[in-house]
Amino acid sequence: MAVTADSARILVASNRGPVSYALLPDGELEAKRGGGGLVSGLSAIGADASTLWVCAALGDGDREAARRAGTGTLETEDTGGQRVRMLDIPAGTHAAAYNGIANSVLWFVHHMLYQTPVEPAFGPEFREEWAAYEAYNRAFAEALAAEAGEGAAVLVQDYHLALVPGMLRALRPDLRISHFTHTPWAPPDYFRLLPDDIAAQLLSGLLGADRLGFLTRRWAGAFADCAQAVLGAERAGASELAYDGRRTAVGVYGLGADAEFLRERAHRTDVDDRLVALREQIGEPDRKTIVRVDRTELSKNIVRGLLAYRQLLLDHPEWAGRVVHIAFAYPSRQDLPVYREYTASVRALADEINEQFGTVGWTPVVLHVEDDFARSLAAYRLADVALVNPIRDGMNLVAKEVPVVSDAGVALVLSREAGAYEELGEDALPVNPYDVSATARALHDALMMPPSERAERSKRLAAAATALPPQRWFLDQLEALGG
């Protein structure tokens, strides 16, 4: 493929880009810039003309923006100065790849969430959706191959694009390619729920990269185990895998919280206003608070967290009227029935607890389901206890963000199945996410923790949580790739 003067030197590829569009009734497009670790990370290299972000159009507004841009880039005034190419992949192809495979198969495998007596069942419909996943990945590989300069660095993101490294390697062997997985990685016995050829295709696709990145040593080790078990890949030293005549380095980059941004953002006027409103909902000023902030993803374990809180009130009736559980459960993936059902079960259980224990002047569970970042930051600031109990999580940035923002220090009750446990476990109160009774005991211990101990632990948690902020996280990977 032709390499031109304006070919990119550094490319990032991800399903979701740094900007989204709404199509207004008058035909105009309204741009909304996104956030998150990847957006913050890419800002480390600035709005450089030789840097390009390739992403997919996710809705009607995005598709219209992509059509207007053609094979060019979006308006930089919409993207904060970054060059962004948005791919107009057919809506049906994207839906089958994203919902049918990425979120309904790969997500479930890596989070080990299948109810195996009845699922999965890989038949003809799965094969059709897999063909869409291949087409979706191929569209990214072809766009990256067309846009990349000679020897450019390409940083591919997440399980949505697991086939891209191998496809891109075939098109452009001159490129330096990395892939980063933001989820856990399943151990071989569970990974092999996938059809044998699909398991092999995923692994060989990723091993087309020069470097692979994971959030923890545990997930990196699980990938290496799968590559050995399924493909016969060989470990070449402590951090390399040899397969098909090539070597792929495997690295660990524990994405941290952006302390500077969080602390500044948490003290703006809108957060102060939310803080006042939350304190009114809590009621008595001396009441303790247990805070959780999650999307209603099946892996977040919100239902068992509520069950543990109910068990706390049953085991320790002295907490009646003295503690409030602030639970933010923001709806996620509501186009999938299982997620809608899960969100409904969270609401129902919160209502049951309030009906069982609530009194005039005390609402045991304050549940919010409308996404509000300012309100989340307000809850971080006032939390006495943070409950982060996922069944399985690649990292879980909430566990890292709360200690950074907390006003008086926070006791962190943390699932040992969260990736963040590898860095934060020493100063957290660890729990088995399936053990409701043990989680209730941990909540009691956290509530009883002396303020001085809580403050000291919180300080150490914040230091560990910010060890690799998003910009450094991105630059470390780029430098390791030779960028």
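Computed from a predicted structure; not experimentally measured.

Quick word on the overall build of the protein
The helix and strand tally for the protein stands at 19 helices and 17 strands. In terms of overall dimensions, the protein is globule-like: its C-alpha atoms have a radius of gyration of 23 Å, near the 23 Å expected for 483 residues. The C-alpha extent of the protein, read off along each of the three principal axes, is 70 × 50 × 40 Å. The buried share of the protein, taken over its 483 residues, is 56%. Intrachain contacts of the protein at a sequence separation of at least 6 include 78% that bridge at least 24 residues. Looking at the protein as shown, the accessible area adds up to about 19400 Å², and 49% of this sits on carbon and sulfur atoms. Here the protein contributes 48 positively and 66 negatively charged side chains, and the mean placements of these two sets differ by 3 Å.

Observations regarding helix α6 (residues 164-171)
Within α6 the residues assigned to the buried category are Val164, Pro165, Met167, Leu168 and Arg169. Buried-residue contacts for α6 involve α5 (124-147), β6 (148-157), β7 (176-180), α8 (196-206) and β11 (246-252).

Describing the pairing of strand β1 (residues 8-13)
Most of β1 is tucked away: 5 of the 6 residues are buried. Judged from the 5 bridges that link them, β1 and β6 form a sheet pairing that is parallel. Residue pairing in the sheet places Val12 in a bridge with Leu155 of β6. Here β1 pairs with strand β4 (residues 51-56) via 4 bridges, running parallel. Within β4, the residue paired with Ile10 across the bridge is Thr51.

So, the packing of helix α12 (residues 302-315) against helix α17 (residues 436-448)
Between α12 and α17, the shortest axis-to-axis distance is 8 Å and the interhelical angle comes to 65 degrees. By crossing handedness, the relation of α12 to α17 is classed as right-handed. Contacts between α12 and α17 involve Arg304, Leu307, Ala308, Tyr309, Gln311 and Leu312 from the former and Val436, Thr439, Ala440, Leu443, His444 and Leu447 from the latter.

Let's talk about the side chain of Ser7
Structurally, Ser7 is set in the segment before β1. For Ser7, a relative accessible area of 13% puts it in the buried group. In contact with Ser7, other than residues within four places in its own chain, are Glu147, Ala148 and Gly149.

Quick notes on the environment of Pro331
With respect to the helices and strands, Pro331 occurs in the loop between β13 (323-330) and α13 (337-357). Pro331 gets classed as partly exposed once you look at its relative accessible area, which sits at 34%. Considering only alpha carbons, one finds Pro331 and Val118, 213 residues apart in sequence, at a separation of 25 Å. Not counting the four nearest positions on each side in its chain, Pro331 is found in contact with Arg295, Thr296 and Val369.

Focus on the pairing of strand β3 (residues 29-33)
As judged from the 5 bridges shared by strand β2 (residues 19-23) and β3, these two strands associate in the antiparallel manner. Bridge pairing in β3 places Tyr21 opposite Ala31. Hairpin remark: β2 followed by β3, antiparallel, with 5 residues in the connecting loop; positive phi at Gly27, about 90 degrees.

Focus: the packing of aromatic side chains
The way to describe two aromatic rings as a pair is by their centre distance and the angle between their planes. Counted according to the given criterion, the structure contains 13 aromatic pairs. The interplanar angle of 50 degrees and the centroid separation of 5.9 Å between the aromatic rings of Trp107 and Tyr159 together place this pair among those described as tilted. Taken together, the positions of Trp107 in helix α4 (residues 91-110) and Tyr159 in the loop between β6 and α6 put the pair 52 residues apart, joining distant regions of the chain. What makes Tyr159 buried here is its relative accessible area of 5%. Taken together, the aromatic side chains of Phe122, Phe126, Trp130 and Tyr133 make up a single cluster linked through ring pairs. Note that Arg375 overlies the ring of Phe328, its terminal NZ or CZ placed 5.2 Å from the centroid.

Here's the deal with the sheet that holds strand β14 (residues 365-368)
The 6 strands are arranged β14-β13-β12-β15-β16-β17 in an open sheet whose pairing can be described as parallel. Strand pairing shows two members of the sheet lacking a second neighbour, β14 and β17 (429-431), which therefore form its edges. Strand-to-strand, the axes of this sheet are offset by a mean angle of 20 degrees, without reference to chain direction. Bridging between strand β16 (residues 411-415) and β17 involves 3 bridges; their strand directions are parallel.

Re the sheet that holds β4
Within the open sheet, the 9 strands sit side by side as β5-β4-β1-β6-β7-β8-β11-β10-β9. Their pairing is mixed. The open sheet is flanked by β5 (84-87) and β9 (234-235), the only strands paired with a single partner.

Quick word on the environment of Pro364
Mapping Pro364 onto the fold places it in the loop between α13 and β14. Looking at Pro364, the relative accessible area reads 0%, which means it is buried. Sequence separation between Pro364 and Ala320 is 44 residues, and the spatial gap between their C-alpha atoms is 8.1 Å. What Pro364 contacts, discounting residues up to four positions off in sequence, is Tyr309, Leu313, Val323, Val324, His325, Ile353, Asn354, Phe357 and Gly358.

As for the pattern of salt bridges
Enumeration over the complete set of coordinates arrives at 29 salt bridges. Of the charged contacts, one joins Arg85 and Glu147 as a salt bridge, the two residues approaching to 3.0 Å between their closest N and O atoms. Linking Arg85 in strand β5 with Glu147 in helix α5, this pair joins segments that are 62 residues apart in sequence. Take Arg85: its relative accessible area is 13%, and that puts it in the buried class. Judged by its relative accessible area of 13%, Glu147 is buried. The shortest N-O distance in the salt bridge between Arg295 and Asp371 comes to 2.5 Å.

So, α13
Across its 21 residues, α13 extends 31 Å between first and last C-alpha, which sits within 8% of the 30 Å expected from 1.5 Å per residue. For α13, the set of buried residues is Tyr339, Tyr342, Thr343, Val346, Leu349, Ala350, Ile353 and Phe357. Mapping the buried residues of α13 onto a view down its axis gives an arc of 125 degrees, with all of them on the same face. Opposite the buried face of α13, at more than 90 degrees from it, the exposed residues are Glu341 and Glu355. In this structure, the buried residues of α13 make contact with α4, α12, β13 and β14.

How each quantity is defined
Residues numbered from 1 in each chain as written. Predicted model: local features only at pLDDT ≥ 70, side-chain atom pairs only at ≥ 80, totals over all residues. Heavy atoms only, no water. Helix = DSSP H or I, 4+ residues; strand = E, 2+ residues; numbered from the N terminus. Rg over C-alpha atoms; globule rule 2.2 N^0.38 Å. Buried < 20%, exposed > 50% of the residue type's maximum accessible area, 1.4 Å probe, protein only. Contact = heavy atoms within 4.5 Å. Areas by Shrake-Rupley, 256 points an atom, 1.4 Å probe, with all protein chains shown as cover. Lys, Arg positive; Asp, Glu negative; His and termini not counted. Charge placed at Lys NZ, Arg CZ, Asp CG, Glu CD. Pairing = 2+ DSSP bridges. Axes fitted to C-alpha atoms, helices over the stretch in contact; angles between N-to-C directions. Left-handed = near helix turned anticlockwise from the far one by under 90°. Phe/Tyr/Trp six-rings, centres within 6.5 Å; stacked < 30°, edge-to-face > 60°. Lys NZ or Arg CZ within 6 Å of the ring centre and 35° of its normal. Salt bridge = Lys/Arg side-chain N within 4 Å of Asp/Glu carboxyl O. Expected span 1.5 Å × (residues − 1). Arc of directions from axis to C-beta.

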